[in-house]
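Inside the fold
Each chain is listed here by its residues.
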Amino acid sequence: MFVISQSLAFAQSQKITLSKAIEIAKQKSPDYKRNVNTNQRNYWRYKNYKASFLPELRLNATLPDYSNSIRRITNDAGQDIFVNQNQLLVEGGLSLLQSVAYTGGVLSVNTNLERIELFGLDDNIRYSVIPFTIRYTQNSLLYNPFKWDKKIEPLAYEESKRDFIENMEQISVTTSRLYFRLLKAQKQLDIAKINLSNQDTLLKITRGRFRVGKIAENDVLQVELTLLNSKNSVTNNTIELKRTSQDLARYLELDTENIELDIPEALPLFEVKFKKALAEAEQNRKTVIAFRRRRLEAEREVAAQRNNRVNIGLQANFGVSNNGDNFNTLFNDFNQQQSVSLRLGIPIFDWGVSKSRRRIAKANLDLTNNDINQDRQEFEQEIYLHVLNWSNQRDFLLTAEKAKEIAKRRYDISRKRYKLGKITITDLNIALQEKDRAVFDYLNSLERFWLDYYTLRQLTLYDFINDRKITAVDNTYN
C-alpha cells in the first residue's frame, strides 16, 4: 500500500526518463502484478485441462462405517421386515480412470475389498472382494464434450498468452500517460513561477510609468490583476504537481514523490504501412484468436442442445468378484460379473422446451457470427485509422515545436517593447497567453506522439523500429 509521509517531501529527488519509467512499471506496477496473476491462473487452467486426459489413480476408502439401528430390509420371501443392525464396515479400493477423448467416455479399472463385522453373532465377519472390474461409461453417444474442449481450450490458452503481451504494452501506454501528466504539471508550475516573477517586475515598471503620467490607472489595475491571477496559478499548479507526482510514484512504487522528468525526444523516423500493420495484428493479437474461440463456443452449445432430441447413454462393466467368511479363500473360484446397459431418452412432449433451447442456441450462433463480422471490421478500421494518424503525428509535433519557439520569441520581443513603452499591457498579455498556450500545445502534441507510438505497438504487437514481433520478454524502446 502506498503511504504518504511528510518525510517524502524532503526526500532526495529521483530523476527518471520515460523509458526508465516504463521499465519500472513493467516490473513493479499494480497492472503488472495483476497481469502476472491472471497469466498464472490461465496457465494452471490449461494445465488442468491437459491433465484431465491423463490417467488418474484414486484411492476410495471407508474407515470405518459403524451403525447400530433398526432398518427395513426385504427377505428371501420378498417380504419387508425390520431387523436390528449392529455392524462395522471397513472397505477400500483403487480406481484407475482414463478419459477417452475420441468417444467422450470414461474407461476405468477398479478393485475393492470389504470387511463387515456383525456384533452379537458367532459367525460375525464377512468379506467381499472384487479383484478387478473394467467399466466404461458414456453419458451421450451423440455429443462428445472432450472433442469440443480439444478445440476450444488450446485457443483459450493461446488467447491468454497474447493477452499477457498486450497488457504489458498497455502498461507502457498507462505509464506514458501518467508520465506526461506529471511532466506537464512540472512545466506549468515552472511557467507559472516565471510569469509571477515577470508580472511582479512589470508591476513595478507600470507603477513607475503611472507616477510620471505616461499610462492610465487602468493599465496598472490590469497588471495587478494579472499578478493576482499568476499567484493563483502557482497555487493551483503546485497542488496539481503534488497529485500527479503521487499518482506516478504510487504506480511505479517509488519511495519518493520528488521526481524529476526529462522531456522525451522524438523517435527515429520510420514508416508504417497499413497492410503490414494489419497482417501483424492478425498474426499477433488475441482478437483474431478470440473470434475463433467465440464461434466454436457457440457451435458447441448448438451441438449440446441438438443432443436433447435423442439422448443415448452407454454403460458397460466386466469383472470378477467373490465373498465369504474366510479371507484366505476369497481369491479362489471367482464369480463373473458383467453388465451392459444402453439408456435411451426421447422427449415426446415437453411443451416445446427442447425445441426452444435449440432455437436459442442457433440464434446465439447467428448473433455471434454477426458480432464477429462487425468486430472484425472495427478491428481493421482501428488499425487503419491509427496508422493514418501515426503518419501525420510527426508533422503535428514539428509544427507544435516550431509554434512554441515563435511564440516565445514574440513574447520576449513584446516584453522588451512594453518596457520601452511601445505597446500596451493588453498586447503584452496576449503575447504571454499565446506563449503559454504554445508550450502546452507542444507538450500535448509530444504526449500524443508517444501515446500513439505505444498504442501502435499494442495494436499490432510489433516493433516497427527493430522490425520484430513483440514477445513477453521484449523491452520497451530506449
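Model, not experiment: these values are computed from the prediction. (Residues numbered from 1 in each chain as written. Predicted model: local features only at pLDDT ≥ 70, side-chain atom pairs only at ≥ 80, totals over all residues. Heavy atoms only, no water.)

Quick look at the overall build of the protein chain
Convention followed: Under the DSSP-based scheme used, a helix requires at least four consecutive residues in state H or I and a strand at least two consecutive residues in state E, with every element numbered from the N terminus. In this description the radius of gyration comes from C-alpha coordinates, and the expected globular size is given by 2.2 Å times residues to the power 0.38. Throughout, exposure labels follow a simple rule: accessible area from a 1.4 Å probe, protein chains only, divided by the maximum for the residue type, with under 20% read as buried, over 50% as exposed, and the rest as partly exposed. The criterion used for residue contact is that any of the two residues' heavy atoms lie within 4.5 Å. What sets the accessible areas is the Shrake-Rupley method with a 1.4 Å probe; for residues, cover comes only from the shown protein chains. Only four residue types enter the tally: Lys and Arg on the positive side, Asp and Glu on the negative side, with His and both chain ends excluded. Working definition for charges: the position is that of NZ of Lys, CZ of Arg, CG of Asp or CD of Glu.
Counting secondary structure elements, the protein chain contains 8 helices and 10 strands. Computed over the C-alpha atoms, the radius of gyration of the protein chain is 39 Å, more than 25% above the 23 Å expected from 2.2 N^0.38 for a compact globule of 478 residues. Projected onto its principal axes, the C-alpha positions of the protein chain cover 135 × 55 × 50 Å. Put simply, the protein chain has 478 residues, and 38% of those count as buried. Considering only contacts in the protein chain between residues 6 or more positions apart, those separated by 24 or more positions represent 77%. In the form shown here, the protein chain has an accessible surface area of approximately 28,400 Å², with 52% of it arising from carbon and sulfur atoms. Distance from the positive charge centre (71 side chains) to the negative charge centre (59 side chains) of the protein chain: 7 Å.

Concerning the side chain of Gln 393
Looking at the secondary structure, you find Gln 393 in helix H7 (residues 353-419). Beyond its immediate stretch of four places on either side in the chain, Gln 393 contacts Ser 445, Arg 448, Phe 449 and Asp 452.

What to know about the pairing of strand S3 (residues 80-100)
What counts here: For two strands to be treated as a pair, DSSP must find no fewer than two bridges joining them.
In terms of strand pairing, strand S2 (residues 56-74) meets S3 through 17 bridges, oriented antiparallel. Considered in S3, the bridge of Thr 62 is made with Glu 91. In sequence, S3 turns back onto strand S4 (residues 105-118) through a hairpin of 4 residues, with Gly 104 there showing a positive phi of about 95°.

With respect to the pairing of strand S7 (residues 311-324)
Pairing of strand S5 (residues 125-138) with S7 involves 10 bridges; the strand directions are antiparallel. Within S7, the position partnered with Tyr 127 by the bridge is Gly 324. The pairing of S7 with strand S8 (residues 335-345) spans 11 bridges and is classified as antiparallel. Each bridged residue has a counterpart across the sheet, and for Leu 314 the counterpart in S8 is Leu 342.

Remarks on the sheet that holds S2
Spelled out, the test is: Fitted lines through C-alpha atoms serve as axes, helices being fitted only where they are in contact, and the angles separating the N-to-C directions of these axes extend from 0 to 180 degrees.
Here we have 6 strands laid out as an open sheet, ordered S2-S3-S4-S5-S7-S8, and antiparallel in their pairing. Of all the strands in the sheet, the pair left with one neighbour each is S2 and S8. Sheet twist, expressed as the mean angle between neighbouring strand axes with direction ignored, is 20°. Summarising the sheet, S3 and S4 pair through 14 bridges and their orientation is antiparallel. Note on S4: the bridge partner recorded for Gly 93 is Asn 112.

Here's the deal with the nonpolar core
Across soluble globular proteins, nonpolar side chains have a tendency to be buried as a group. This is how it is decided: As used in this record, nonpolar core signifies buried Ala, Val, Leu, Ile, Met, Phe, Trp, Tyr and Cys residues forming a set joined through side-chain atoms within 4.5 Å.
One finds Leu 252 and Trp 450 to be the most contacted residues of the largest nonpolar core, which totals 53 residues. Elements supplying a minimum of two residues to this core: helix H1 (18-28), helix H3 (145-211), helix H4 (217-252), strand S6 (259-261), helix H5 (274-284), H7 and helix H8 (425-460). Those residues in contact with Trp 450 that lie beyond four places of it in its chain are Leu 18, Phe 180, Pro 264, Glu 265 and Leu 267. Core analysis: the second largest hydrophobic core is formed by 13 residues, Val 220, Tyr 411, Ile 423 and Ile 425 among them.

Observations concerning the side chain of Lys 184
Test applied: In the analysis that follows, any N or O atom pair within 3.5 Å is treated as a polar contact, provided that within protein one partner can donate a hydrogen and the other can accept it, and provided that, for residues neighboring in sequence, both atoms belong to side chains.
Here Lys 184 lies in helix H3. With a relative accessible area of 18%, Lys 184 lands in the buried category. For Lys 184, the side chain forms a polar contact with the side chain of Glu 447, separated by 2.8 Å. In contact with Lys 184, not counting residues within four places along its chain, are Leu 443, Asn 444 and Glu 447.

Examining the packing of helix H2 (residues 30-51) against H3
We apply this condition: Here the angle decides the label: under 35 degrees means roughly parallel, over 145 means roughly antiparallel, 65 to 115 means roughly perpendicular, and every other value means oblique. Amino acids outside the nonpolar list (Ala, Val, Leu, Ile, Met, Phe, Trp, Tyr, Cys, Pro) and the charged list (Asp, Glu, Lys, Arg) are all regarded as polar, and Gly is one of them.
Between H2 and H3, whose axes approach to 10 Å, the crossing angle comes to 170°. Regarding the angle of H2 to H3, the classification is roughly antiparallel. Classifying every residue of the contact of H2 with H3 by side-chain character gives 11 nonpolar, 6 polar and 6 charged.

Some words on a nonpolar patch on the surface
Short version of the rule: The residues that make up patches have over 30% relative accessible area and no salt bridge, and they are joined within 9 Å when like-charged or within 5 Å when they are Val, Leu, Ile, Met, Phe, Trp or Tyr. The rule for a salt bridge is simple: a side-chain nitrogen of Lys or Arg has to be within 4 Å of a carboxyl oxygen of Asp or Glu.
Taken together, the side chains of Leu 57, Leu 59, Leu 94, Leu 96, Leu 107, Val 109, Phe 132, Ile 134 and Phe 318 present a nonpolar region at the surface, about 790 Å² in accessible area. Looking at the nonpolar patch, the elements that each hand over two or more residues are S2, S3, S4 and S5. Positionally, Leu 96 belongs in strand S3. Judged by its relative accessible area of 41%, Leu 96 falls in the partly exposed class.

What about the confidence of the model for the protein chain?
Rules: A score between 0 and 100, pLDDT records how confident the predictor is in each residue.
With 95% of its residues at a pLDDT of 70 or more, the protein chain has an overall mean of 85. Every residue in residues 474-478 scores below 50 in pLDDT, and together they form 17 contacts with partners more than four places removed in sequence or on other chains.

Structural notes on the packing of aromatic side chains
Counted only if it meets this: Note on aromatic pairs: the rings of Phe, Tyr and Trp (six-membered ring only in Trp) are paired at centre separations within 6.5 Å, and the planes decide the class, stacked below 30 degrees, edge-to-face beyond 60, tilted for the rest. Only when the NZ atom of a Lys or the CZ atom of an Arg is both within 6 Å of the ring centre and within 35 degrees of the ring normal do we say a charge sits over the ring.
The tally for this structure, following the rule as stated, stands at 19 aromatic pairs. When the centroid spacing of 5.4 Å and the interplanar angle of 85° are considered together, the rings of Tyr 49 and Phe 53 count as edge-to-face. A single burial state applies to Tyr 49 and to Phe 53, both of which are buried. Over the face of the ring belonging to Trp 148 we find Lys 151, whose NZ or CZ atom lies 4.8 Å from the ring centre. Geometry around Tyr 442 places Lys 404 over its ring, the cationic atom sitting 4.2 Å from the centre.

Examining H2
For clarity, the threshold we go by: Expected helix span is computed as 1.5 Å times (number of residues minus one).
In this model, H2 (22 residues) spans 31 Å end to end at C-alpha, consistent with the 32 Å of a helix rising 1.5 Å per residue. Here the buried face of H2 lies against H3.

Remarks on unusual backbone geometry
Residue Leu 63 is joined to Pro 64 through a cis peptide bond whose omega torsion reads -20°. By secondary structure assignment, the location of Pro 64 is in strand S2. Phi at Asp 467 takes a positive value of approximately 55°, unusual for a residue other than glycine. Inspection of the secondary structure assignment puts Asp 467 in the loop between strand S9 (462-463) and strand S10 (468-469). The exposure class assigned to Asp 467 is exposed, which follows from its relative accessible area of 54%.

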